[in-house]
Amino acid sequence: MAKHSANVQSLSAFAWSIADILRGDFRQSEYGKVILPFVVLRRLDCLLAASKEAVLTAEETLPDGVDDATRDMILFGAVGGNVKVYNLSRFTFDTLKGQDPRQLHANLVDYITSFSANVRDIFLDKFLFTDQLKRLKDGEILWPVFERFCQIDLHPDRVSNVEMGYLFEELIRRFSEISNETAGEHFTPREVIRLIVDLLIANDDEKLTGRGIIRQVYDPACGTGGMLALTEEALKDFNSSIRVELFGQELNGESFGICKSDMLVTGHDPEQIAFGNTLTQDAHKGKRFHYMLSNPPYGVDWKKYQDPIKAEAENLGFAGRFGAGTPRISDGQLLFLQHMISKMRDDEVGSRIGIVMNGSPLFTGGASSGESEIRRWILENDWVEAIVALPTDLFYNTNIQTYVWLLTNRKPVNRQGKVQLIDASSERFWKPLRKSLGEKRREIPDEARADIVRIYAGFLNGESGESEVAKIFDVADFGYREIRVERPLRLNFQASADRIARLATEKAYLKLSEDERKAIEIALLGMGDKLFTSRETFEKALAKALKAANIKVGAPLRKVILSALSEPDESADICRNGEGNPEPDSELRDHELVPMKEDWRDYVAREVTPFVPDAWVDDSYRDARDRKIGRVGYEINFNRYFYRYVPPRPLDEIEAELRFLEAEIAELLKEVAA
């Protein structure tokens, strides 16, 4: 790793030095639009240089009328090594150096447009590279930029695919920092990816052993392809004969271009990396995968895409991807998780999912909310194996707490009905970086990663002194029923001037003519200021007073009058409906969360009735799915399960610190006054 790091830093510094040439003609935020595609172009040039003559010869000898697919197959074969790209230009970087510098722009355009279609589209449509070449030409800096890139040797024998991934990420991070963009949207730190991958395959030894093993890996927000590349590397390290097929989709054009280029260089099918919005345009519809892993955007709203997503949820239900529900519009993380679950394989091998998200999907949303219903669906289907809390300050663009969710539809017997929570956020599992990289100030060292994997693979539940970092729960431990507790409505009534004046704010009363309002007020004042503690008695007195004044009022207006003349009174009689049952007081209404493992009747008898004997549970407040009393909710609160009590500092220590600060402030004030 140290050697890789040094090589990557050296290459990054070299590529970054080209920014000095761009300064003045390009804004800082535009440096990446030139340097990144040039790095990709140089990588491909180094890769294809040795096969240039063979490809040109193969192209000259193609049979007449050959179709595009056959043509590509023949020319890919001429390149060799399972590389799915070729270039039919007579130029390479080396030969371009020997041409007239004034022709460099035209020659480079010829070179780029002579790539096979799968690469040509990347440079023309995603990188928009010809536009940047023209700007370089117009600024008279195309030749010096090109000449500098000729000095970088990016041949796979010199720079591995893993190192290229690091190089791209380092460049993207630095470009994002200077332009105030979100670097973390493009990639995930490599040690986090390695942790997810190790967790995914930790207990798959038997499934991955032997010959003829094929594994399909998918990332629905693949960025530059780091997760895909490291998953393949780990699988190949475990079993060198395994065949790994990589699939992904990415919305950002530049990241997509880099990822697809990497697939081309490494011999993967580039068509399995798709461009577009995964949530609205599933490019791998109907496909199923063995391993899925992703780091979807945190807290990014999906308002722009809500119509097709909600339509799929409502029209297709569980036949689509979002049958469990949709989360709030401000955060689409659980949409990505549902999408991945929809792609689990229904065979004896099944699928495994590793996804890193922030804390919101764990607990946001109460019972019956979109988030809670999604958690309910996932947990009640027993797909969640474990959730790992990571240290803060791991990512380049945020210092918030993140969590790795591990899911599978083929749980081993000992894990069925169980969820393991691992708190890997303490100092035991991270070390500080010598130099911060954006918001990233910490990293997970190799030994800590192995420790986390050991705890997960061993399904530890506090064994070997791990009680503070590993706990196992039943799925039902995360569920609850939210019951509605009502208390009776108790009101007193009085036709006093102050209460009658409240009628002036009621719309139904203001619709009356002035004469009608005056007549009602006179009739009410005629009732005197007697205080009634029974609504039934007051209604009779009110009816008598209105009848004596020859005033008729409808039910809506009568309701308004009763409301204006009433006030809550705990000593008053209970207000009852026409069937003689107590009416609930909405102001006293409460909701209790009853653990799923407990009968709500027992809970109420213990926690409610002893304190409010007149309370009752509203049996009309039911769950939409099981129709039982109380709405079902699910949440996973890490802080509750791993709370560590930290005693407050001694009072004398706090007082001493305050005295010191007061003295320090006094000295500063003296300096100011002087």
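Look up: the structure comes first, before these words.
Here goes a summary of the coordinates provided. (Residues numbered from 1 in each chain as written. Predicted model: local features only at pLDDT ≥ 70, side-chain atom pairs only at ≥ 80, totals over all residues. Heavy atoms only, no water.)

In this section: the packing of aromatic side chains. Summed over the entire model, instances satisfying the criterion amount to 23 aromatic pairs. Each ring, one from Phe 318 and one from Trp 377, has its centre 5.8 Å from the other, and the planes form 35°; the classification is tilted. In this pair, Phe 318 sits in the loop between α16 (306-316) and α17 (333-341) while Trp 377 sits in helix α19 (residues 370-380), placing the two residues 59 residues apart along the sequence. When its relative accessible area of 13% is taken as the criterion, Trp 377 is described as buried. Consider the rings of Trp 377 and Trp 383, whose centres lie 4.9 Å apart with planes at 85°: the pair is edge-to-face. Of the two residues, Trp 377 and Trp 383, both sit in the buried class. (Phe/Tyr/Trp six-rings, centres within 6.5 Å; stacked < 30°, edge-to-face > 60°. Helix = DSSP H or I, 4+ residues; strand = E, 2+ residues; numbered from the N terminus. Buried < 20%, exposed > 50% of the residue type's maximum accessible area, 1.4 Å probe, protein only.)

Scanning the entire structure with this criterion turns up 51 salt bridges. Salt-bridge contacts for Lys 411 lead to Asp 382; the nearest nitrogen and oxygen are separated by 2.5 Å. Highlighted residues: Lys 411 in the loop between β7 (402-408) and β8 (418-423) and Asp 382 in the loop between α19 and β6 (384-389), separated in sequence by 29 residues. The pair formed by Lys 411 and Asp 382 is uniform in burial state, with each residue classed as buried. The residue Lys 597 makes a salt bridge to Asp 477 at a minimum N-O spacing of 2.9 Å. Pair noted here: Lys 597 is in the loop between β15 (590-595) and α26 (600-607) and Asp 477 is in the loop between β11 (470-474) and β12 (479-486), with a separation of 120 residues, a long-range link. A relative accessible area of 52% means that Lys 597 is categorised as exposed. One network of salt bridges, with partners in common, ties together Glu 373, Arg 376, Glu 380, Arg 481, Asp 623, Arg 625 and Asp 626. (Salt bridge = Lys/Arg side-chain N within 4 Å of Asp/Glu carboxyl O.)

For the rest of this paragraph, the subject is the state of the cysteines. Linking two cysteines covalently via their sulfur atoms produces the bond known as a disulfide. A full pass over the atoms with the stated rule returns 0 disulfides. Of all cysteine sulfurs in the structure, the one in Cys 259 sits closest to Cys 222, which takes part in no disulfide; the separation is 4.0 Å. (Disulfide = S-S within 2.5 Å.)

What follows deals with the side chain of Asn 295. For Asn 295, the position within the fold is in the loop between β4 (291-294) and α16. At 2.8 Å, the side chain of Asn 295 forms a polar contact with the side chain of Thr 188. At 2.9 Å, the side chain of Asn 295 and the side chain of Tyr 298 are in polar contact. (Polar contact = N/O pair within 3.5 Å; in protein donor to acceptor, adjacent residues only side chain to side chain.)

Before going further, it helps to spend a moment on a nonpolar patch on the surface. There is a patch of nonpolar side chains on the surface, built from Leu 658, Phe 660 and Leu 661 and spanning about 300 Å² of accessible area. By secondary structure assignment, the location of Phe 660 is in helix α28 (residues 651-673). (Patch = residues over 30% accessible without salt bridge, like charges linked within 9 Å, V, L, I, M, F, W, Y side chains within 5 Å. Areas by Shrake-Rupley, 256 points an atom, 1.4 Å probe, with all protein chains shown as cover.)

The next thing to look at is the pairing of β8. Counting buried positions over the 6 residues of β8 gives 5, a clear majority of the element. Bridge count for β6 against β8 is 4 bridges, and the pairing is parallel. If you follow Ile 387 over to β8, its bridge partner there is Leu 421. Where β8 meets β11, 5 bridges bridge the pair, whose relative direction is antiparallel. Note on β11: the bridge partner recorded for Val 419 is Phe 473. (Pairing = 2+ DSSP bridges.)

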